[in-house]
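An overview of the molecular structure
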Amino acid sequence: MVTERQKRILNFIVKEYSKKGEPIGSKDLCAKHFKDLSPATLRRELFELTNWGYLNQPHTSAGRVPTDKAYKWFVNETMANKEKITSSSNQWVEKINQDRNIDDDFFSISAQVIANFCGGLGLSYSPGEHSVFKHGWKNLIEQLLPDTAEDEISRIFEEIESIDVRMEEIFEEASKTEGSIFIGRECPVLKSESTSVIFKVTPLKKDKLFMLIGPKNMLYERNLAILEAVANILDN
């Protein structure tokens, strides 16, 4: 069972790796962020988290990076804190409304809003209008390179381009929950080792679906709040 101290370490490594995209070294952790722990204690905690499958060490001399198991743990912790997400989402509603023309058809630009604020590729779908909007192809390429092979990126893009015919089915599944985050191959849409996907349906009307497709080291807390904000604007 993960201890509270290990949760602190894991939480920090996931967030830091999302920002920098580089392995997190124990020396840095100890000197800058966990001064209350001795180097030996920190190394032992990292060793245990690695053994349990939460962290991976690409090279013997390198730092640690989160695994899918770590991301799943982090996502579960994030989604359990509904109060924090709601508070952050309300702030994003204000920011998005300040940045847009209030007379615009917001749904038609919602995929662009998601892509601009989150990075990655934003997608919006309305089953009533049979319309799909996608924006942020360049964002996604830049985020996946250089860690993802070009043929894998091509496969991901082909799946996204052909997703329109599956949107009704995807919408029906997504409507069963308030929001979902899928990491790596567990995602029913892409099944890519390189990506994560966030789904959000308008919570009251349940008439529109929003998606963000990005790298696994995306900023989950922030992006989930942004998608919730977009959904709430169109729910009113």
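Refer to the structure above for everything that follows.
What this report covers is the structure whose coordinates are included nearby. Bear in mind that the values here come from a model prediction, so they are computed numbers and not experimental data. (Residues numbered from 1 in each chain as written. Predicted model: local features only at pLDDT ≥ 70, side-chain atom pairs only at ≥ 80, totals over all residues. Heavy atoms only, no water.)

Quick look at the nonpolar core now. Ile9, Leu29, Tyr54, Ile96, Phe210 and Tyr220 are the most contacted members of the largest nonpolar core, which totals 49 residues. The dominant element in this core, judged by the number of residues it contributes, is helix H10 (residues 220-235), at 10 residues. Discounting residues that sit within four places of it in the chain, Tyr220 has contacts with Tyr71, Phe74, Val75, Ile181, Ile183, Ser196 and Pro215. Counting 23 residues, the second-largest nonpolar core is a separate cluster that includes Phe157, Ile163, Val201 and Ile213. (Core = buried A, V, L, I, M, F, W, Y, C linked by side-chain atoms within 4.5 Å. Buried < 20%, exposed > 50% of the residue type's maximum accessible area, 1.4 Å probe, protein only. Helix = DSSP H or I, 4+ residues; strand = E, 2+ residues; numbered from the N terminus. Contact = heavy atoms within 4.5 Å.)

Among the surface-exposed residues, Asp103, Asp104, Asp105 and Glu129 lie close enough to one another that they form a single negatively charged patch. Along the chain, Asp103 turns up in the loop between helix H5 (82-99) and helix H6 (106-118). (Patch = residues over 30% accessible without salt bridge, like charges linked within 9 Å, V, L, I, M, F, W, Y side chains within 5 Å. Areas by Shrake-Rupley, 256 points an atom, 1.4 Å probe, with all protein chains shown as cover. Salt bridge = Lys/Arg side-chain N within 4 Å of Asp/Glu carboxyl O. Lys, Arg positive; Asp, Glu negative; His and termini not counted. Charge placed at Lys NZ, Arg CZ, Asp CG, Glu CD.)

With antiparallel pairing, 5 strands are arranged side by side in an open sheet as S4-S3-S7-S6-S5. The open sheet has two edge strands with one neighbour each: strand S4 (131-135) and strand S5 (179-183). For this sheet the average axis-to-axis angle between neighbouring strands, irrespective of direction, equals 15°. Where S5 meets strand S6 (residues 195-201), 5 bridges bridge the pair, whose relative direction is antiparallel. Considered in S6, the bridge of Ser180 is made with Phe199. Strands in contact with helix H7 (residues 137-144) are strand S3 (121-126), S4, S6 and strand S7 (209-215); relative to S7, the strand with the most contacts, it is inclined by about 30°. (Pairing = 2+ DSSP bridges. Axes fitted to C-alpha atoms, helices over the stretch in contact; angles between N-to-C directions.)

Position of Lys84 relative to the elements: it lies in helix H5. Residues Lys84 and Gln98, spaced 14 residues apart in sequence, show a C-alpha to C-alpha distance of 22 Å.

The set of residues buried in helix H9 (residues 167-174) consists of Met167, Ile170, Phe171 and Ala174. Seen end-on, H9 carries its buried residues on one side only, within an arc spanning 100°. Opposite the buried face of H9, by more than 90 degrees, sit the exposed residues Glu168 and Glu169. (Arc of directions from axis to C-beta.)

What follows is about H6. Over its 13 residues, H6 runs 17 Å from end to end, which matches the ideal 18 Å to within 8%, given 1.5 Å per residue. Where H6 bends most, the angle comes to about 30°, and this point is Gln112. Those residues of H6 not exposed but buried are Phe106, Phe107, Ser110, Ala111, Val113, Ile114, Ala115, Phe117 and Cys118. Against H5, S3, S4, H7, S7 and H10 lie the buried residues of H6. In the stretch just after H6, Gly119 is the one whose phi turns positive, near 80°. (Expected span 1.5 Å × (residues − 1). Bend = angle between axes of the 7 residues up to and from the residue.)

In this section: the pattern of salt bridges. Counted according to the given criterion, the structure contains 16 salt bridges. The salt bridge involving Glu221 is made with Lys15; its shortest N-O contact spans 3.6 Å. A residue pair is termed long-range when its members are at least 10 positions apart, and Glu221 in helix H10 and Lys15 in helix H1 (residues 4-20) qualify at 206 residues. We classify Glu221 as partly exposed; its relative accessible area is 27%. A salt bridge links Arg155 to Glu159; the nearest nitrogen and oxygen atoms lie 2.2 Å apart. With a gap of 4 residues between them, Arg155 and Glu159 both fall in helix H8 (residues 150-161), about one helical turn apart. Beyond isolated ion pairs, a larger network of salt bridges with shared partners links Asp68, Arg185, Glu193 and Lys216.

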